[in-house]
Amino acid sequence: MSPTSPASPKKQHPAPTRRLTTAQALVAFLARQYTERDGRRQRLISATWGIFGHGNVAGIGQALVEAGHGGNGTAHRMPYLQGRNEQAMVHAAVGYARQSGRLSAQAVTTSIGPGATNLVTGAALATINRLPVLLLPGDTFATRPADPVLQQLEVPYAGDVSVNDCLRPVSRYFDRITRPEALIPAALQAMRVLADPAETGAVTLALPQDVQAEAYDWPEEFFAERDWHIRRPAPDTHELDAAVRAIRSARRPLIVAGGGVRHSAAEETLAAFTAATRIPVASTQAGKGALRHDHPADVGGIGHTGTATANELARTADLVIGVGTRFSDFTTASGTLFSNPAVRFLHLNITAFDAHKLAALPLVADARAGLEALTAALAGRGYRVDPAYETEYTGAKEAWEERVEASFATPDPTARPTQTQVLGLLDDLVTEEDILINAAGSLPGDLHKLWRTRSRDQYHVEYGYSCMGYEIPAAIGVLLAAGAQQRTRPVWALVGDGTYLMNPTEIVTAVQENLPLKLLILQNHGYASIGGLSESVGAERFGTAYRHRDADGGFTGPPLPVDLAANAASLGLRVLRATTVDDLRKALSEARDAEGPTCVYVETETPDTVSGPPPAQAWWDVPVAETASRPAAVKAREEYDRQVAARRRHL
């Protein structure tokens, strides 16, 4: 018999590919990435901001032209947004991501050199606040046909370093794409980090300009729609049991709600937990709005800029339950606030790094999942705080509200308003639809202490980095995230004159896109917040006023003749000037109803203290000169030594 012939091998068909440049492939890939949480699906990268130069115009720029004109089909277009300043573009993308609940983000592309280094501040803000943004800076040639090229930083000891390496420490993920095929694993890792609730922040893919324009045969699988599930990790059973025991043994527990409550959309779950336990809730700047201001358990902001109610509860608390907070020095009053000798900490946080701070019992979990587990575990055990404790904090809250009313009061409608009176007039006007955006100066302190938050997303104060110049571009990002609702959700950017002068350029973008931005400029002729801090530490308000020089070379002359209202008008805004309380009330109302971008400008009356009444309710550590010849600094050091003696390490 003849041997059996072997079976003929099946003909192998090569996997389908698509020939595109690296930039075209990246844009097509980004347009097909989605996130999913709780059954809700949305684009992960909804649009790309860009300012073009020789590092990205021929690569990403050309790719965006194709992607924006239907080259990838209607569903997979990549909208382009034109910015005026690279830092501001990142701020806008961060504002968009926060308003989108971290479920959707935006990309930012720049040229090499100054365009790329301008991203650093925005990247740091995004990473510190745990908010996703994709950075696509151009880079020098990978093939080095000409070395150096325009704007290239030469590093004698390392040929592979460029200015983009400045972005490494402020990015949660960084890669330089030196070959087209290297984009595939790098892009997948970038999406993983952006969609990871524990790791998210700024993600940087540095793109050498020659690689951007280089063609490659990309596998079609790379361009398939891909869903990134946003997980809600549940708590470990052992950690949950320990947490329940700690709560049940507490007599004076206090919840500190942070930004993680909002990122997890856990507000209703927190309300249910407090309804069951009656534990009071204080909030950080990022957590304000976790409960409405009129919720019985809400005791207001905590820490250096917090309320007397929350801070007194913090001083006597025997268990501090952090929910989604990093416990920064403003929250802990630089380690002086939680002064009960028996105080212990329980931290519910999605990141183990934060959950273990202050030697806390960790409960590593998603905020909503963790609160649900705690509520269920406590339900059958009948835990509830002592009614006397509940009566104590609700009574203190009512007393604080009287101080708020006094701060907002405007007895003379013909007078120039103070800053807190401006907030009071705005408080009278807004509903739960309005969104307020702020970041730096004395306004965050006033807002944290006084503002009556009416909805989960009304209070948008960036205080992780407290970056002057965030407000206007962030408001644009919020309006873009609001989409069809932007005409019914008034978005207010609140800025002082110092902040305005830092970064007003995106006003032009708001005008270009006809976004109904409400810009409120408070003119107080200088850095009011730092002026007050300077005085308190013995630096005598040096260099903080916007005034002409005096005969001795100081800055105590007349205020500078700077007309910020005219400047805003020159950039395309409709401007409403107000000089009195009555003027301002009318201008704010008119601005709120306006269809297009509108500015309200008011010169405020300077109160005796920086933020006006009430003063700070807790300390903040800013070291004072240990030796000095001037009396102001000597006195400030004496006060500093007195305060710092109360600091403790929670071990």
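Residues numbered from 1 in each chain as written. Predicted model: local features only at pLDDT ≥ 70, side-chain atom pairs only at ≥ 80, totals over all residues. Heavy atoms only, no water.

A general trend in soluble globular proteins is that nonpolar side chains are found buried together. The biggest cluster of nonpolar side chains holds 51 residues, and the ones touching the most others in it are Ile247, Leu270, Ile302 and Phe338. Dropping the residues within four chain positions of it, phenylalanine 338 is found in contact with Ile302, Ala314, Val320, Phe327, Thr331, Thr332, Val343, Phe345, Arg648 and His650. Counting residues in each nonpolar core, the second largest holds 49 residues, with Ala123, Leu125, Ala206 and Leu515 among its members. (Core = buried A, V, L, I, M, F, W, Y, C linked by side-chain atoms within 4.5 Å. Buried < 20%, exposed > 50% of the residue type's maximum accessible area, 1.4 Å probe, protein only. Contact = heavy atoms within 4.5 Å.)

An ideal rise of 1.5 Å per residue puts 18 Å on 13 residues; helix 14 (residues 367–379) measures up with 18 Å between its terminal C-alpha atoms. When helix 14 is considered as a whole, its buried residues turn out to be Ala367, Ala369, Gly370, Leu371, Ala373, Leu374 and Leu378. Buried residues belonging to helix 14 abut helix 8 (237–249), helix 9 (259–263), helix 10 (267–277), strand 15 (319–323), strand 16 (344–349) and strand 17 (361–364). Between a side-chain oxygen at the N-terminus of helix 14 and the backbone nitrogen of arginine 368 the separation is 3.0 Å; the capping residue is aspartate 366. (Helix = DSSP H or I, 4+ residues; strand = E, 2+ residues; numbered from the N terminus. Expected span 1.5 Å × (residues − 1). Polar contact = N/O pair within 3.5 Å; in protein donor to acceptor, adjacent residues only side chain to side chain.)

Summary: where empty space remains is shown by rolling a probe the size of a single water molecule over the atoms. Enumeration over the complete set of coordinates arrives at 5 cavities of 30 Å³ or more. The space that makes up the largest cavity amounts to roughly 210 Å³. Residue lining of the largest cavity: 27 residues in total, with Lys288, His293, Asp298, Val299 and Gly300 positioned closest to the centre. If you list the elements that add at least two residues to the lining of the largest cavity, you get strand 13 (281–283), strand 14 (298–301), helix 15 (387–408) and helix 17 (443–450). For the lining of the largest cavity, the class distribution of residues is 10 nonpolar, 10 polar and 7 charged. (1 Å grid on protein atoms, 1.4 Å probe; cavity = no way out; pocket = protein on both sides within 12 Å on 5 of 7 lines; lining within 4 Å. Points joined across faces, edges and corners; volume = space filled by probe spheres on them. Nonpolar A, V, L, I, M, F, W, Y, C, P; charged D, E, K, R; others polar.)

With that settled, the discussion passes to the pattern of salt bridges. On inspection of all chains with the given rule, the structure shows 40 salt bridges. We note a salt bridge from arginine 452 to aspartate 427, for which the minimum N-O separation is 3.0 Å. Residue arginine 452 is found in the loop between helix 17 and strand 19 (459–461), and its partner aspartate 427 is found in helix 16 (residues 419–429); the two are separated by 25 residues along the sequence. Both residues of the pair, arginine 452 and aspartate 427, belong to the buried class. Via salt bridges that share partners, Arg37, Asp38, Arg232, Asp366 and Arg368 belong to a single interconnected network. (Salt bridge = Lys/Arg side-chain N within 4 Å of Asp/Glu carboxyl O.)

Another aspect to go through is the environment of arginine 403. Note that arginine 403 resides in helix 15. Arginine 403 gets classed as partly exposed once you look at its relative accessible area, which sits at 36%. Taking C-alpha positions, arginine 403 is 8.8 Å from leucine 450, a pair spaced 47 residues apart along the chain. Contacts of arginine 403, omitting those with residues within four sequence positions, involve Ala308, Pro614, Pro615 and Gln617.

Time to look at a nonpolar patch on the surface. Taken together, Phe52, Val57 and Tyr80 make up a surface patch of nonpolar side chains, about 250 Å² in accessible area. Following the sequence through the fold, phenylalanine 52 ends up in the loop between strand 4 (45–50) and helix 2 (57–68). The partly exposed category is assigned to phenylalanine 52, whose relative accessible area is 35%. (Patch = residues over 30% accessible without salt bridge, like charges linked within 9 Å, V, L, I, M, F, W, Y side chains within 5 Å. Areas by Shrake-Rupley, 256 points an atom, 1.4 Å probe, with all protein chains shown as cover.)

The amide bond that connects aspartate 147 to the next residue, proline 148, takes the cis arrangement and shows omega of 10°. When you line up the elements, proline 148 lands in the loop between strand 7 (133–139) and strand 8 (173–176). Positive phi is not limited to glycine here, since aspartate 38 has a value of about 55°. Structurally, aspartate 38 is set in the loop between strand 2 (33–37) and strand 3 (40–43). Phi at glutamate 540 takes a positive value of approximately 60°, unusual for a residue other than glycine.

Okay, the pairing of strand 18 (residues 435–438) next. Neither face of strand 18 is left uncovered, since the one carrying Ile435 and Ile437 and the one carrying Leu436 and Asn438 both have all their residues buried. Relative to strand 20 (residues 491–496), strand 18 runs parallel, the two being bridged by 3 bridges. Bridge assignment links isoleucine 435 to a residue of strand 20, and that residue is valine 491. Judged from the 3 bridges that link them, strand 18 and strand 19 form a sheet pairing that is parallel. Each residue of the ladder has a partner; that of leucine 436, found in strand 19, is tyrosine 459. (Pairing = 2+ DSSP bridges.)

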